[in-house]
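# Summary of structural features
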Amino acid sequence: MPEETKGPEQTDTRLTFPLLSVTLLVSFGSSMLYGYNLAVVNSPAEYIKAFYNATWSQRYGHGLAPGPLTLLYALTVSIFALGGLVGSLLVGVLVERYGRNGALSRSALLVLLAGGFMGFSRELGSPEMVIIGRSITGLHSGICLSVVPLYLGEIAPKNLRGFLGLMPSIFICLGVFSAQVLGLPELLGKDRFWPLFLSMVVVPASLQLLLLHCFPESPRYLLIERNDVCGATKALHRFLGTPDVQDVIEEMKEEQRSLSSMEMASVWQLLRDRSVRWQTLSVAVVNAGMQLSGIDAIWFYTNAIFENAGIPASQIPYTTMGTGAIEVVAGLIGCFTIERVGRRPLIITGFCAMGVCSAGITISLLLQAALPWMRYVSVACVVGIIAGFCMGPAGVPFLMTAELFTQSHRPAAYIVGGSLNWLCNFTVGFIFPFLQMTAGAFCYLVFCGVCLLVALYVYLVIPETKNKTFMEISHIFATRRSVLSVPAHLIGMMKLDGYGTLESSSLEGSGSSLP
């Protein structure tokens, strides 16, 4: 087969202060809030339920029965995901109109509004304000959970894309850990403090709102979508810290030329486009699997899970905080190893570990009556699920969504992945309490099956994307399609690599040419 002309080679780029600073800022001001809001409703659950019950009694002269009260609290928990679903559907419009940086800056205003609703809810005797505030924080997270990795994926050089792309997942874990620490009885885990506890989200959002305008817009957005070569060049100078950015500009122009006859794809066009069907299916499977893995059940209902496992009530807040610390450590391990081991090993190992530990929870709960020490096995399995998630599945799916698509399809891909992510998040958050009541210990086997199936899919279908440009990754999938169209008697004559695509020495090396 004839060889394609080699594109401009890019040397490894060092991590600059502006690149690290903007990564930390958007991770702290946006991604961290997602983790915080996942876990913040855990420790004050009984206080919020008591507030709902007392308000209902004042309004209607009688309290709520246990079933409706559980339903109302489950709505409070899961409405966050419904808001996230709406936010994910707005991503394409926002990033096209305002850019990546502009969309993040404007979305921070939503957090200030939500903090006001939740912070004054008890003073005004309004459970509805808690639910509205939760939905608005979900709307913000739905936008940012897609825009942050999109922004970082476009400003990061390819040798740092994995490291910077997983930084938000560390801050998601830090957000969960922060909620667990602040939820201790010695801090904000008291009845009179829960409105303040819920509204603490305004602090990181305010910092991002003040500082994010100091950093440039995504160079890829400026050049490919706005045709602003001068603006893109200035942004690259700032982010990369070098005056020589011509190779990067040429790589962007190559992608712009390949997309010159194409408009930005809509979601419907993405779903119908056969040229990216494997990428679209992969994003759908990994994003849905990430939420159906059971991690949201662990985060939303940690205290209830430990209570069912027989952990003494006085020890539960501290046990929960310990799991949060392990999340942060696991996230750091994933962040600092992703460029060494690659994306696939991390995500496959993470899902396998979560599947095994989910089965372990079922076994330990079933044997707990006969063997009281099995409660500690349950705790260890919860820790294993959290550690496995934070090392890979927490951040890699969002990074992979940026890597598997070119500029024209990327926003629509984030809408598809984000929508499935939030829809599954809502499903787990809303159904899990009832699933736990009906299926008992066996409910965790559902999560086990999902995790193992996703790991198998990633192993069989998704290629490694480490140190490859967006165009090279696109060529890998194009090669996969060409292999599928080759007659069967010829396939046996071809040497294939481990991902079902034609092996290419150039891809295994510099990744700059394809057969």
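Residues numbered from 1 in each chain as written. Predicted model: local features only at pLDDT ≥ 70, side-chain atom pairs only at ≥ 80, totals over all residues. Heavy atoms only, no water.

Put simply, the rule reads: UniProt positions are given in the numbering used here, feature names are shortened, and annotations may be inferred rather than shown by experiment.
In the annotation of an unreviewed UniProt entry, the protein is listed under the name Major facilitator superfamily (MFS) profile domain-containing protein and assigned to Hirundo rustica rustica. As its UniProt record puts it under Sequence similarities (unreviewed entry), the protein is described as follows: "Belongs to the major facilitator superfamily. Sugar transporter (TC 2.A.1.1) family."

### What to know about the overall build of the protein
We count it as follows: Helical segments are the DSSP runs of H or I of at least four residues, strand segments are the runs of E of at least two, and each set is numbered from the N terminus. Contact criterion: two residues are considered in contact whenever any of their non-hydrogen atoms come within 4.5 Å of each other. Only the protein chains shown count as cover for residues, and all accessible areas are computed by the Shrake-Rupley method using a 1.4 Å probe.
When helices and strands are tallied, the protein shows 23 helices and zero strands. Here the contacts in the protein between residues at least 6 apart in sequence split such that 82% fall between residues at least 24 apart. Summed over all atoms, the accessible surface of the protein reaches about 20,400 Å², with 67% contributed by carbon and sulfur.

### Thoughts on the packing of aromatic side chains
Working definition: an aromatic ring pair is given by the centre-to-centre distance plus the angle between the planes. Applicable threshold: Two rings from Phe, Tyr or Trp (for Trp, the six-membered ring) form a pair when their centres sit within 6.5 Å of each other. Planes less than 30 degrees apart are called stacked, planes more than 60 degrees apart edge-to-face, and all others tilted. Per-residue accessibility, obtained with a 1.4 Å probe over protein chains only, is compared with the maximum for each type, and a residue is labelled buried under 20%, exposed over 50%, and partly exposed between these values.
Evaluation of the coordinates by the stated rule reveals eight aromatic pairs. Ring plane angle 45° and centroid distance 6.0 Å describe the contact between Phe 51 and Tyr 52, whose orientation is recorded as tilted. An identical accessibility class is assigned to Phe 51 and Tyr 52; each is buried. Aromatic ring contacts, followed pair by pair, group Tyr 34, Phe 80 and Trp 422 into a single cluster.

### Concerning the packing of helix α1 (residues 17-39) against helix α3 (residues 66-119)
Rules: Axis angles are defined between N-to-C directions and span 0 to 180 degrees, where every axis is a line fitted to C-alpha atoms and, for a helix, only to the segment in contact. Angular relationships are summarised with four words: roughly parallel below 35 degrees, roughly antiparallel beyond 145, roughly perpendicular across 65 to 115, and oblique for the angles in between. Classification used: nonpolar for Ala, Val, Leu, Ile, Met, Phe, Trp, Tyr, Cys and Pro, charged for Asp, Glu, Lys and Arg, polar for all others including Gly.
Running from N to C, α1 and α3 cross one another at 175°; their axes reach a closest spacing of 14 Å. When the interaxial angle is binned, α1 and α3 end up roughly antiparallel. Contact residues: Val 26, Ser 30, Leu 33, Tyr 34, Asn 37 and Leu 38 in α1; Phe 80, Leu 104 and Val 111 in α3. Residues that form the contact of α1 with α3 fall into these classes: seven nonpolar, two polar and no charged.

### Examining the nonpolar core
How we decide: To qualify as a nonpolar core, a set must consist of buried Ala, Val, Leu, Ile, Met, Phe, Trp, Tyr and Cys residues joined through side-chain atoms within 4.5 Å. Boundaries of every domain are those given by an automatic assignment or by a domain database.
Counting residues in each nonpolar core, the largest one holds 99 residues, and the members touching the most others are Val 22, Val 26, Leu 104, Tyr 151 and Ile 347. At 10 residues, the largest contribution of residues to this core is made by helix α20 (residues 443-461). Residues lining this core come from more than one domain, with at least three contributed by each of domain 1 (15-215) and domain 2 (265-483). With sequence-adjacent residues up to four places away left out, Leu 104 is seen in contact with Val 26, Ser 30, Cys 144, Val 147, Val 148, Tyr 151, Gln 208 and Leu 212. Counting 29 residues, the second-largest nonpolar core is a separate cluster that includes Val 111, Ile 131, Val 176 and Val 201.

### A word on the packing of helix α12 (residues 277-292) against helix α18 (residues 396-404)
Packing of α12 against α18 brings their axes to within 10 Å, and their N-to-C directions diverge by 170°. By the criterion of interaxial angle, the relationship of α12 to α18 is roughly antiparallel. Facing α12, whose interface residues are Gln 279, Ser 282, Val 283, Val 286, Asn 287 and Met 290, α18 presents Pro 397, Phe 398, Thr 401 and Leu 404. Considered class by class, the residues forming the contact of α12 with α18 number six nonpolar, four polar and no charged.

### Examining the pattern of salt bridges
Quick reminder of the rule: Counted as salt bridges are all cases of a side-chain nitrogen of Lys or Arg within 4 Å of a carboxyl oxygen of Asp or Glu.
Inspection of the entire model under this criterion finds eight salt bridges. Notably, a salt bridge pairs Arg 100 with Glu 154, separated by 3.0 Å at the nearest N-O pair. Placement of Arg 100 in helix α3 and of Glu 154 in helix α4 (residues 127-155) is noted, with a sequence separation of 54 residues between them. The class of Arg 100 is buried, set by a relative accessible area of 0%. Sharing partners across several salt bridges, the network here consists of Arg 100, Glu 154, Glu 225 and Arg 410.

### Examining helix α15 (residues 316-341)
Let me state the cut-off plainly: For a helix, the expected span equals 1.5 Å multiplied by the residue count minus one. Fitting axes to the seven residues ending at a residue and to the seven starting there, one defines the bend at that residue as the angle between these axes.
Look at α15: 36 Å from first C-alpha to last across 26 residues, which is about the 38 Å you get at 1.5 Å a residue. Cys 335 marks where α15 bends most, by close to 30°. Downstream of α15 by a residue or two, Gly 342 has a phi angle that is positive, lying close to 100°.

### Quick word on a nonpolar patch on the surface
Rules: In this scheme, patches are assembled from residues that exceed 30% relative accessible area and form no salt bridge. Like charges are connected within 9 Å, while nonpolar side chains (Val, Leu, Ile, Met, Phe, Trp, Tyr) are connected within 5 Å.
A grouping of Ile 363, Leu 366, Leu 367, Leu 371, Trp 373, Tyr 376, Phe 442 and Leu 445 is seen on the molecular surface, where their side chains present a nonpolar patch of about 800 Å² in accessible area. No other element matches helix α16 (residues 343-367), which puts three residues into the nonpolar patch. Mapped onto the secondary structure, Trp 373 falls in the loop between α16 and α17 (374-391).

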